[in-house]
Amino acid sequence: MNVRTPVDPILPARDAAFMRSYLDALTLVERLHRLLLDVIKDEFERLGILEVNPVQALLLFNIGDNEVTAGELKSRGYYQGSNVSYNLKKLVDLGYMHHQRSEIDRRSVRVRLTDKGRKLRDIVARLFAAHAEGLTTRAILDADSMDEITHALKRMERYWTDQIRYIY
């Protein structure tokens, strides 16, 4: 079911058409994120990995070989503050991450993956590699198409970031 938000009838047809496309794109971005989490969840269930949720798996994947703070993850735009703190604590408790208080700022905690965390990150990396291969092998997307999508999404991200920083 495709529910459309009404577009202001005062807008010129050209602007109304753009608005419909923009709203479709917003819906698609949100749906793709939820589908990505479902894909990770399905893969983990297939492998019998039940203690880590898809958001936590993406967190491990995005941290990779880096040592970071929750604040750094939040400032990079990956996660909301309370979510990242909760998920980092949970991953530390489960043994997927090491944590260490900063010597300089005792309030700050740096985290990095354990061997167990790296194994899980590698599972996600292999899943993504298989998807990338499937997209190209089945001729769903080629490198140029993926570059165009990524470029357009980065421009939209920059625009939204500017709205947050300079308008509000």
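The structure reproduced in this document is the subject of the present report. Note that the structure is a prediction, hence the values are computed from the model and not measured.

1. Description of helix α5 (residues 115-137)
For an α-helix, 3.6 residues make a turn, and residues three or four places apart therefore share a direction. Here α5 contains 23 residues, and its C-alpha end-to-end distance of 32 Å stays within 8% of the 33 Å for a straight helix at 1.5 Å per residue. One or two residues past the end of α5 sits A139, with phi positive at roughly 60°.

2. So, unusual backbone geometry
The backbone of A139 shows a phi angle near 60°, a positive value even though the residue is not glycine. Within the fold, A139 resides in the loop between α5 and α6 (143-167).

3. A closer look at a negative patch on the surface
A surface patch of negative charge is lined by D142, D144, D147 and E148. Looking at where E148 falls in the secondary structure, it is placed in helix α6. Note on E148: relative accessible area 59%, which makes it exposed.

4. Considering the environment of E67
Assignment of secondary structure puts E67 in the loop between α2 (54-63) and β1 (68-69). The spacing of E67 and V111 is 44 residues in sequence and 5.5 Å in space, taken between C-alpha atoms. Among residues more than four places away in sequence, those in contact with E67 are E72, R110, V111 and R112.

5. A look at the packing of aromatic side chains
One pair of aromatic rings is described through two measures. These are the centre distance and the angle between the planes. The full count for this structure, using the stated rule, is 1 aromatic pair. With a centroid separation of 5.0 Å and an interplanar angle of 80°, the aromatic rings of F61 and F128 are classed as edge-to-face. Here the residue F61 occupies a position in helix α2, and F128 occupies one in helix α5, the gap between them amounting to 67 residues. What makes F61 partly exposed here is its relative accessible area of 28%. Above the face of the Y96 ring, K116 is positioned so that its terminal group lies 4.5 Å from the ring centre.

6. Digging into α2
Within α2, 7 of the 10 residues are buried, which leaves the element mostly enclosed by the surrounding structure. Three or more residues of α2 are buried, namely P54, Q56, A57, L58, L59, L60 and I63. Following α2 by one or two positions, G64 has its phi on the positive side, about 55°.

7. A look at a nonpolar patch on the surface
A cluster of nonpolar side chains, contributed by V29, M146, I149 and L153, occupies part of the molecular surface with about 300 Å² of accessible area. Looking at the nonpolar patch element by element, the count peaks at 3 residues for α6. One can find V29 in helix α1 (residues 13-47).

8. Regarding the sheet that holds β1
Read across the open sheet, the 3 strands follow the order β1-β3-β2; overall the sheet is antiparallel. Every interior strand has two partners, whereas the edge strands, β1 and β2 (97-101), have only one. Each of β1, β2 and β3 (109-113) is contacted by α2, which is oriented at about 90° to β3, the strand it contacts most.

9. Considering the side chain of T69
Tracing the backbone through its elements, the reader meets T69 in strand β1. If we ignore the near neighbours within four places in the chain, the residues touching T69 are S108, V109 and R110.

10. Topic: the nonpolar core
In terms of nonpolar packing, the biggest core is built from 24 residues, with F44, I63, L88, M97 and L120 touching the most fellow members. Broken down by secondary-structure element, the contributors of at least two residues to this core are α1, α2, α4 (81-93), β3 and α5. In terms of residue count, the dominant contributor to this core is α2 (5 residues). When neighbours within four sequence positions are excluded, L88 is seen to be in contact with L59, I63, A70, L73, M97 and V111.

Cut-offs used in this document
Residues numbered from 1 in each chain as written. Predicted model: local features only at pLDDT ≥ 70, side-chain atom pairs only at ≥ 80, totals over all residues. Heavy atoms only, no water. Helix = DSSP H or I, 4+ residues; strand = E, 2+ residues; numbered from the N terminus. Expected span 1.5 Å × (residues − 1). Patch = residues over 30% accessible without salt bridge, like charges linked within 9 Å, V, L, I, M, F, W, Y side chains within 5 Å. Areas by Shrake-Rupley, 256 points an atom, 1.4 Å probe, with all protein chains shown as cover. Salt bridge = Lys/Arg side-chain N within 4 Å of Asp/Glu carboxyl O. Lys, Arg positive; Asp, Glu negative; His and termini not counted. Charge placed at Lys NZ, Arg CZ, Asp CG, Glu CD. Buried < 20%, exposed > 50% of the residue type's maximum accessible area, 1.4 Å probe, protein only. Contact = heavy atoms within 4.5 Å. Phe/Tyr/Trp six-rings, centres within 6.5 Å; stacked < 30°, edge-to-face > 60°. Lys NZ or Arg CZ within 6 Å of the ring centre and 35° of its normal. Pairing = 2+ DSSP bridges. Axes fitted to C-alpha atoms, helices over the stretch in contact; angles between N-to-C directions. Core = buried A, V, L, I, M, F, W, Y, C linked by side-chain atoms within 4.5 Å.

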